[in-house]
Amino acid sequence: MSKSGRVPGWGGGAHRFYSVVVFIVLASLDNVAIGLVPPLYKPIAAELGVPDAAIGAVTAATFLVTAIAAVVWAYAGDHTDRKPLLLVGTLIWAGGMAATGLARNYPALFAAQMLASVGLGAVASVGFSVVSDLISPRHRGLVMSFWGLSQGVGTLAGTLMGGLLGAANWRRPFLTLAVVGLVATVAYLATFDIRRGQSEPELAAMVASGEEYEYRISRADLPVILGRRTNLWLIFQGLTAQAAFGSLVWLPVLFQTRAQAQGYSLDTAIKVGSVFATLFQLGGVLSIVGGLVGDRWQRRTLRGRAMVASVGILAALPFYLVLFFVPMRLHVPDGAGSGSIIGSVLHSVVTEPTVGLSFLAAMLAIALTSANSPNWFALIADVNPPEHRGTVYSLGNLVNGVGRAGGNWLVGVAARGLSGAFPPPLNYAVGLAMFQLFFIPTGIMYWLASRTSPRDIVAVRDLLAARGAQEELAAGGPARLSRDHRSTGT
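Residues numbered from 1 in each chain as written. Predicted model: local features only at pLDDT ≥ 70, side-chain atom pairs only at ≥ 80, totals over all residues. Heavy atoms only, no water.

Draft legend 1. Layout of the packing of aromatic side chains. Evaluated as defined, the whole model comprises 14 aromatic pairs. Cluster of aromatic residues (ring-pair linked, three or more members): Phe128, Trp376, Phe377 and Tyr393. (Phe/Tyr/Trp six-rings, centres within 6.5 Å; stacked < 30°, edge-to-face > 60°.)

Below is the structure:
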């Protein structure tokens, strides 16, 4: 192993903090990009002369292509230098956003979104691998809650940005985000290249001595990855979880149709739908609580993280049903500007009981399900060595993408099929409610992961301890790694 030289001051506390902030911002921007389209289905479809479902298919394809591309990006990131990959990926998705804003027909729009999707795959998968190397196991749930929260905030920002900035001109938000992407690329150039495995207690002595963790993924590792039972549960739970989560991109449409059913114009209804959908997903902020609880339970039992995710997912189901079926009475001035509409919506939360009840149900539902995200991220890092994490994350993300694309697409199909028996907006409410039932098998798979994760976590700790000791001996230094690292929650 070779000693790693450093420029004085490079990699210090302030530089590392800056790097983490940039990574989190990048993680949020890719979700902004995905969240832009759903609030604008109707105006985009009208201008390009295609059905709303055709634009919905673009979003579904975006989820899928992003997930497939992430596997390729992640494998490359686990095998080589990660920083150039993130830089190229960011430039690609920014170019795709610009091309979307300039598209004049449906094929051009579709191609532009697919180009953006290829770049977006790099940000999530390679970025996760980098950030996981910066976090100690003891605080993984908390820090990963910020990583997951940034993605949720990005989705909300995309929904709000699309609905408000794009209500009068749907192209504007895409061109704006392309510029933001270029700014993020410049900011990324100054980030610190985080070393693999630097946060692992079992490798602490090796890292402190300046040695590099040089293990890299190979094709022979893939059977090993899939042989870890916890990985299988973590990967496949995404198929059902994301079918439910993917359906929620239709929340703005549900609220739009509610507004239209009460006589509001399309322009106002789009703004109302976007504001309500954004407001009602603020419960995602409480993913920080889910991460903290997961960290605390994990220190008591190695089943802790998976148990927290399982309980949260299953407990959220009834609150989603309340959210979809409570009839909201809107008091918003038709034709008003964005600021006036936002003010009216916020006022209605405390003055209109139906809106207040919907808000409470939404907060509880999103807060409970958001416990899934930080504990999923943390478990992937816990049960896999550093050189496998990006690939495992991307495999999970691939399955997530399939489930999310299916949920996104099939809710639209279900809403159209149900419209004969249930007029809008009830058809959307029934369709969304049906898809939340997918949370039941998701909760069961997390419970199964809680049974297998202790064995897999201990196996990874033993592996890293052995490697750390071996490298210390090879470098001529003392192997001072404590066996306690392999049997405690630290």
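Draft legend 2. Examining the environment of alanine 381 more closely. By the secondary structure assignment, alanine 381 is in helix α17 (residues 372-382). For the pair alanine 381 and tyrosine 393, spaced twelve residues apart in the sequence, the C-alpha separation amounts to 8.9 Å. The contact partners of alanine 381, leaving out residues within four places of it in the chain, are Ser132, Arg140 and Arg389. (Helix = DSSP H or I, 4+ residues; strand = E, 2+ residues; numbered from the N terminus. Contact = heavy atoms within 4.5 Å.)

Draft legend 3. Representation of the pattern of salt bridges. One pass over the structure, following the stated rule, counts twelve salt bridges. Between glutamate 200 and arginine 140 there is a salt bridge, with its nearest N and O atoms 2.6 Å apart. Placement of the pair is glutamate 200 in the loop between α7 (172-188) and α8 (204-208) and arginine 140 in helix α6 (residues 140-165), with a sequence separation of 60 residues. Side by side, glutamate 200 and arginine 140 carry an identical accessibility label, which is buried. Where lysine 271 meets aspartate 267, a salt bridge forms, and the shortest distance between an N and an O atom there is 3.7 Å. (Salt bridge = Lys/Arg side-chain N within 4 Å of Asp/Glu carboxyl O. Buried < 20%, exposed > 50% of the residue type's maximum accessible area, 1.4 Å probe, protein only.)

Draft legend 4. A look at helix α12 (residues 266-279). Across its 14 residues, α12 extends 20 Å between first and last C-alpha, which sits within 8% of the 20 Å expected from 1.5 Å per residue. Where burial is concerned, most of α12 is hidden: twelve out of the 14 residues are buried. Residues of α12 that are buried include every one of Thr268, Ala269, Ile270, Lys271, Val272, Gly273, Ser274, Val275, Phe276, Ala277, Thr278 and Leu279, and no others. Contact partners of the buried residues in α12: α2 (41-48), α6, α11 (251-261), α15 (338-351) and α16 (353-369). (Expected span 1.5 Å × (residues − 1).)

Draft legend 5. Just a positive patch on the surface, in detail. A contiguous patch of positive charge, built from Arg138, Arg296, Arg299 and Arg300, is present on the exposed surface. Within the fold, arginine 296 resides in helix α13 (residues 287-300). (Patch = residues over 30% accessible without salt bridge, like charges linked within 9 Å, V, L, I, M, F, W, Y side chains within 5 Å. Areas by Shrake-Rupley, 256 points an atom, 1.4 Å probe, with all protein chains shown as cover. Lys, Arg positive; Asp, Glu negative; His and termini not counted. Charge placed at Lys NZ, Arg CZ, Asp CG, Glu CD.)

Draft legend 6. A look at α2. If you check which residues of α2 are buried, you get Tyr41, Pro43, Ile44, Ala45 and Leu48. Turning to α2, the residues buried within the fold contact α3 (52-79), α5 (106-132), α7, α11, α12 and α18 (386-418). Note on α2: the residue one or two positions beyond its end, glycine 49, has a positive phi of about 70 degrees.

Draft legend 7. Broad picture of the packing of α11 against helix α19 (residues 426-436). Between α11 and α19, the least distance of the axes is 9 Å, while the angle of their chain directions is 155 degrees. With respect to each other, α11 and α19 are oriented roughly antiparallel. Of the two possible hands of crossing, α11 and α19 adopt the one that is left-handed. Contacts between α11 and α19 involve Leu251, Val253, Leu254 and Thr257 from the first element and Tyr428, Ala429 and Leu432 from the second. (Axes fitted to C-alpha atoms, helices over the stretch in contact; angles between N-to-C directions. Parallel < 35°, antiparallel > 145°, perpendicular 65-115°, else oblique. Left-handed = near helix turned anticlockwise from the far one by under 90°.)

Draft legend 8. Seen up close, the environment of threonine 159. Locating threonine 159 in the fold gives a position in helix α6. Linking threonine 159 and valine 25, residues 134 residues apart in sequence, is a C-alpha distance of 17 Å.

Draft legend 9. Region of the structure containing a nonpolar patch on the surface. On the surface, Leu64, Ile68, Leu239 and Val402 cluster together into a nonpolar patch covering about 300 Å² of accessible area. You can see leucine 64 is positioned in helix α3. With a relative accessible area of 33%, leucine 64 lands in the partly exposed category.

Draft legend 10. Layout of the environment of glutamate 47. Looking at where glutamate 47 falls in the secondary structure, it is placed in helix α2. The class for glutamate 47 is partly exposed, based on a relative accessible area of 46%. Taking C-alpha positions, glutamate 47 is 36 Å from glutamate 352, a pair spaced 305 residues apart along the chain. Apart from the residues within four sequence positions on either side, glutamate 47 is in contact with Arg104, Trp170 and Arg171.

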